[in-house]
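Summary of the model geometry
Listed below, chain by chain, are the residues.
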Amino acid sequence: MDKITIIEYLSLYLDKKYTNITNMANFVAIIKEMIEGLNWVGFYLLNENELYLGPFQGKAAVQTIPLGEGVCGIAAKKEEIMVIDDVHSFKEHIACDEASNSEVVLPLIKDNKLIGVLDVDSPRENFFNKSLVKQLESAVNYYLTIHNL
Ligand code: SME
């Protein structure tokens, strides 16, 4: 039998009938399990002008990030995916886990409303190639279909 895909796995656990926190918790667990080479996967959620830490897998992390600061805050403000191949050469980067060397942040936008971002870190430099970013984008798009506004 073929290996289960990320979307198939997500569809087994995520559902609109559960709270967003419950769905986000299973989402990050599934991403961390299915994609090898990640040390941190988590949500930062928008509240007014800042992001606050949501469900995550990995080491304890910074609790709040102002919009426009850090990779997360910049991606949220621009509403654009940001891929950072080497976090040490990106001066706005906020370090949480010293093991992280590359990072991708994907904004979550539903019905033109910014909900927050998904932050994904790897200990490997240049880890987030186009195909991996596309995979994460599809997973986020799937998540958005079941997110309750
Ligand atoms: N690196 C992020 C901060 C969050 S931790 O990586 C979990 C940033 O620069 O926004």
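Scroll up to find the structure.
Read on for a plain summary of the structure. (Residues numbered from 1 in each chain as written. Predicted model: local features only at pLDDT ≥ 70, side-chain atom pairs only at ≥ 80, totals over all residues. Heavy atoms only, no water.)

**A word on the site of the ligand**
Quick note on the threshold: Note on terminology: near, applied to a residue and a molecule or strand, indicates that one of the residue's heavy atoms is within 4 Å of it. Counting of polar contacts relies on pairs of N or O atoms within 3.5 Å, with two restrictions inside protein: one atom must be capable of donating a hydrogen and the other of accepting it, and residues adjacent in sequence are counted only when both atoms are side-chain atoms. For the area figures, the Shrake-Rupley method with a 1.4 Å probe applies, and any residue is considered shielded solely by the protein chains shown. In this analysis the probe radius is 1.4 Å and the grid spacing 1 Å, with only protein atoms considered; a cavity is a set of points the probe fits into but cannot get out of, a pocket is an open set with protein on both sides within 12 Å along at least five of seven lines, and lining residues have an atom within 4 Å of a point. Just a note on the criterion: a molecule sits in a pocket or cavity if more than half of its atoms are within 2 Å of the grid points. A run of H or I in DSSP counts as a helix once it spans at least four residues, and a run of E counts as a strand once it spans at least two, with each numbered from the N terminus.
The environment of the ligand is made up of 13 residues, and the closest members are Val71, Cys72, Ile94, Cys96 and Glu103. Contacts to the ligand include Asp119, whose side-chain N or O atom sits 3.3 Å from an oxygen atom. Alone, the ligand offers 310 Å² of accessible surface; in the complex the protein occludes 100% of this. The site holding the ligand turns out to be the largest cavity. Every element with two or more residues in the shell around the ligand is listed here: β1 (40–47), α3 (70–78) and β6 (113–122). The element best represented in the shell around the ligand is α3, accounting for 3 residues.

**Considerations on the pattern of salt bridges**
Opposite charge on two side chains lets them pair, provided their charged atoms get close. Let me state the cut-off plainly: Salt bridge, as used here, is a side-chain nitrogen of Lys or Arg placed within 4 Å of a carboxyl oxygen of Asp or Glu. The rule is simple: take the accessible area with a 1.4 Å probe, protein chains only, and divide by the maximum for that residue type; under 20% is buried, over 50% is exposed, in between is partly exposed.
For the coordinates displayed, the defined rule picks out 3 salt bridges. Taking the shortest distance from any N to any O, the salt bridge between Lys59 and Glu98 comes out at 3.5 Å. Here the residue Lys59 occupies a position in the loop between β2 (50–57) and β3 (64–66), and Glu98 occupies one in the loop between β4 (82–84) and β5 (102–110), the gap between them amounting to 39 residues. Note on Lys59: relative accessible area 44%, which makes it partly exposed. In this structure, the salt-bridge partner of Glu137 is Lys134, at a minimum N-O distance of 3.8 Å. Of the two residues, Glu137 and Lys134 are both situated in helix α4 (residues 130–146); the distance of 3 residues between them amounts to about one turn of the helix.

Worth remembering: the numbers are spatial, not functional.
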